[in-house]
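# Summary of the model geometry
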Amino acid sequence: VALGLYFPRKEYLENVYIDEPAGMPLLRIHALKDSREEVAHFHLCQNLIISRARSHENNWFQIREKAGILYLSKSLDREDFNMLSVGNWMPLSKVMLYVFLSSHPFQEKECDSATRATVFLSLINATAPACSSLTARQLCFTEMDLSFHIKENKPPGTFHQLQLPSVHHLCQNLSISYKLLAAEGVPFRYNENTTSVQVTQRLDREERERYELIAKCTVREGFREMQVEVPFLVNVLDEDDSPPFLPNGTDTADAVVEFNRKEGTVLSTLTVYDADTTPIYPLESSRKKYTGTIVTDDPWISETFRVEHIFDEIHFSPNGSQVRGTRHEY
């Protein structure tokens, strides 16, 4: 079943300062495709959630429908800040926006699409700090972890941009460059011209479940050079696409029953592995997925013997990397 476009991360964080100019880009949101033909369209819900109880009409933020760039459509002044903060004594107010995703242009301005990401904006009661006062970490990366979820068996595509749109817009006297440090042969590519990171091929979770890379950033200002490195993690999301298998190929087990066996005596065991799924909680849902049955027409056998099913999470090691799976024992 094609589930359509999806977000490689569900949450985004950004700071917004007072009096930043209209048109200022704040962050870039990406989408990945379920099929090659899809084209991503982004739409912003026109409500700002200020606290759980309150929402306010959004007059300040817009998103470019095809590019996914969230920007200031109107400068946020102190009066706006006081209105959006729960009280003007707060140095910072957090607001929340929903970004929706569709493979078609949005007709209505409704907030009801199932595919959405949440943007948390920290409104700061101060003007933006001078670029020279920021650390390399602040100039290179936001407070968000660089952690992404990519579905297995889906087409390649761009899922992140390392360069921060707001810093690029404000700090043009600085030279900021990036590198993605990774082992040979990983299915990711960094484009220096656009600072974007792309997954280059379909991923297979049963081959590898997690990739650990490093994003390195170099800031140059005149003769001064600063460097900072942060983890860049990609988790591969599972699709139920691999059948269970038997460790030695046999799907039957013989049982010899002697007299005077006590109740609860184990007579025979059969093991089944599933590299595709890990135990689901509640446990009953995992138990229902596979059932063990004694095939017999003899009611005495059905009354006297039973199959018990226990299962636990195990790790397979294809290509030297650990992949989680389940061992079922009957």
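Under an unreviewed UniProt entry, the name given to the protein chain is RET kinase, and the source organism is Dicrurus megarhynchus. Per UniProt, the protein chain has the following entry under Subcellular location (unreviewed entry): "Membrane".

## Quick notes on the state of the cysteines
A covalent bond between the sulfur atoms of two cysteines is referred to as a disulfide. In the structure shown here, the tally under the stated rule is 2 disulfides. A sulfur-sulfur distance of 2.0 Å marks the disulfide that ties cysteine 131 to cysteine 171. Between cysteine 131 and cysteine 171, the disulfide has an S-S torsion of -85° and is therefore left-handed. Placement of the pair is cysteine 131 in the loop between strand 9 (116-124) and helix 2 (136-140) and cysteine 171 in the loop between helix 3 (165-170) and strand 12 (175-181), with a sequence separation of 40 residues. Paired by a disulfide, cysteine 140 and cysteine 217 hold their sulfur atoms 2.0 Å apart. Here the disulfide of cysteine 140 and cysteine 217 is left-handed, its torsion about the S-S bond being about -65°. Taken together, the positions of cysteine 140 in helix 2 and cysteine 217 in strand 15 (residues 210-221) put the pair 77 residues apart, joining distant regions of the chain. The same class applies to cysteine 140 as to cysteine 217, namely buried.

## Structural notes on the layout of surface pockets
Estimates place the volume of the largest pocket at around 1,100 Å³. Lining the largest pocket are 33 residues; nearest its centre among them are Leu267, Ser268, Phe305, Arg306 and Val307. Broken down by element, the lining of the largest pocket gets its largest block of residues, 4 residues, from helix 5 (residues 299-304). For the lining of the largest pocket, the residue count by class is 14 nonpolar, 11 polar and 8 charged. Considered as a void within the structure, the second largest pocket measures approximately 450 Å³ in volume. Taken together, 24 residues form the lining of the second largest pocket, with Glu14, Asn15, Tyr17, Gln138 and Val167 sitting closest to its centre. Secondary structure elements with two or more residues in the lining of the second largest pocket: strand 1 (11-17), strand 9, helix 2 and helix 3. Broken down by element, the lining of the second largest pocket gets its largest block of residues, 4 residues, from strand 1. Along the lines of polarity and charge, the residues of the lining of the second largest pocket split into 14 nonpolar, 5 polar and 5 charged. Two domains each donate at least three residues to the lining of the second largest pocket, and these are domain 1 (1-128) and domain 2 (129-238).

Calculation criteria
Residues numbered from 1 in each chain as written. Predicted model: local features only at pLDDT ≥ 70, side-chain atom pairs only at ≥ 80, totals over all residues. Heavy atoms only, no water. UniProt positions renumbered as here; feature names shortened; annotations may be inferred. Disulfide = S-S within 2.5 Å. Helix = DSSP H or I, 4+ residues; strand = E, 2+ residues; numbered from the N terminus. Buried < 20%, exposed > 50% of the residue type's maximum accessible area, 1.4 Å probe, protein only. 1 Å grid on protein atoms, 1.4 Å probe; cavity = no way out; pocket = protein on both sides within 12 Å on 5 of 7 lines; lining within 4 Å. Points joined across faces, edges and corners; volume = space filled by probe spheres on them. Nonpolar A, V, L, I, M, F, W, Y, C, P; charged D, E, K, R; others polar. Domains from an automatic or database assignment.

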